[in-house]
Amino acid sequence: MGDLADDVRNTIRDVPDFPKPGILFKDITPVLMDTALFGRVIDWMAVEYANIDKIIAIESRGFIFGAPMVEPTGAGLVLARKPGKLPHTVETVSYDLEYGSSSLNIHTDAISPGDRCVIVDDLLATGGTACAALDLVQRLGGEVVGALFLVELGFLDGRRKLHGTPVTSLVRY
Ligand code: AMP
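The rules behind the values
- Residues numbered from 1 in each chain as written.
- Predicted model: local features only at pLDDT ≥ 70, side-chain atom pairs only at ≥ 80, totals over all residues.
- Heavy atoms only, no water.
- Helix = DSSP H or I, 4+ residues; strand = E, 2+ residues; numbered from the N terminus.
- Buried < 20%, exposed > 50% of the residue type's maximum accessible area, 1.4 Å probe, protein only.
- Lys, Arg positive; Asp, Glu negative; His and termini not counted.
- Salt bridge = Lys/Arg side-chain N within 4 Å of Asp/Glu carboxyl O.
- Contact = heavy atoms within 4.5 Å.
- Axes fitted to C-alpha atoms, helices over the stretch in contact; angles between N-to-C directions.
- Parallel < 35°, antiparallel > 145°, perpendicular 65-115°, else oblique.
- Left-handed = near helix turned anticlockwise from the far one by under 90°.
- Nonpolar A, V, L, I, M, F, W, Y, C, P; charged D, E, K, R; others polar.

Engineer: Describe the side chain of Asp 121, and please don't skip the residues or the numbers.
Structural biologist: Secondary-structure assignment places Asp 121 in strand S7 (residues 116-124). Buried charge without a partner: Asp 121 forms no salt bridge, and the closest opposite charge is Arg 61, 5.9 Å away. Other than its neighbours up to four places away in sequence, Asp 121 contacts Ile 58, Arg 61, Gly 62, Thr 129, Leu 148, Phe 149 and Leu 150.

This is the structure:
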């Protein structure tokens, strides 16, 4: 068993020009197919956060890493979803992507004032998506104690958009 970051880096697949020309897509699906490696990733993610109330998982690959963190952290899972998906009353924020624009919704009753929240996604690129999630949590009175990613495209400096929120990532490019 090698170093976890190296093992993940060596397992991620680079797909050039997806979904648009000029984007080098970091495909994490081979990590999910490796049972032992996926398990080690979740152990690493969960150990970072002992004292949190809510995991804010960003649609859709954030769901994959957020859901298995529920048991080891004891935190509740909150879905930050694309428009038109959540059935109850939502708070909404629009944002720019590395390739396009979108908005994110969270159920207004999913976060209680003072909740300690961690934002989770597969990859931090420009930071627009995570910034929208941060904005949503703060509007509902929650405290974002961290933002957690499997992969960080450091050259895009997405951290800067998170206004000092502690950012943790396993593999950096
Ligand atoms: P951003 O808002 O720019 O930080 O983009 C983050 C979101 O877009 C994440 O949910 C990623 O899954 C996805 N994403 C952006 N760029 C890439 C990339 N180069 N490879 C894989 N996923 C990406």
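Engineer: Outline the packing of helix H1 (residues 4-11) against helix H3 (residues 35-47), listing residues and values.
Structural biologist: Contact geometry of H1 with H3 gives a least axis separation of 11 Å together with a crossing angle of 130°. Taken together, the axis directions place H1 and H3 in an arrangement best described as oblique. H3 is crossed by H1, and the crossing has left-handed handedness. Residues Leu 4, Asp 7, Val 8 and Thr 11 of H1 form the contact with H3, whose participating residues are Leu 37, Arg 40, Val 41 and Trp 44. For the contact of H1 with H3, a count of residues per class yields five nonpolar, one polar and two charged.

Read these as geometric descriptors, not functional statements.
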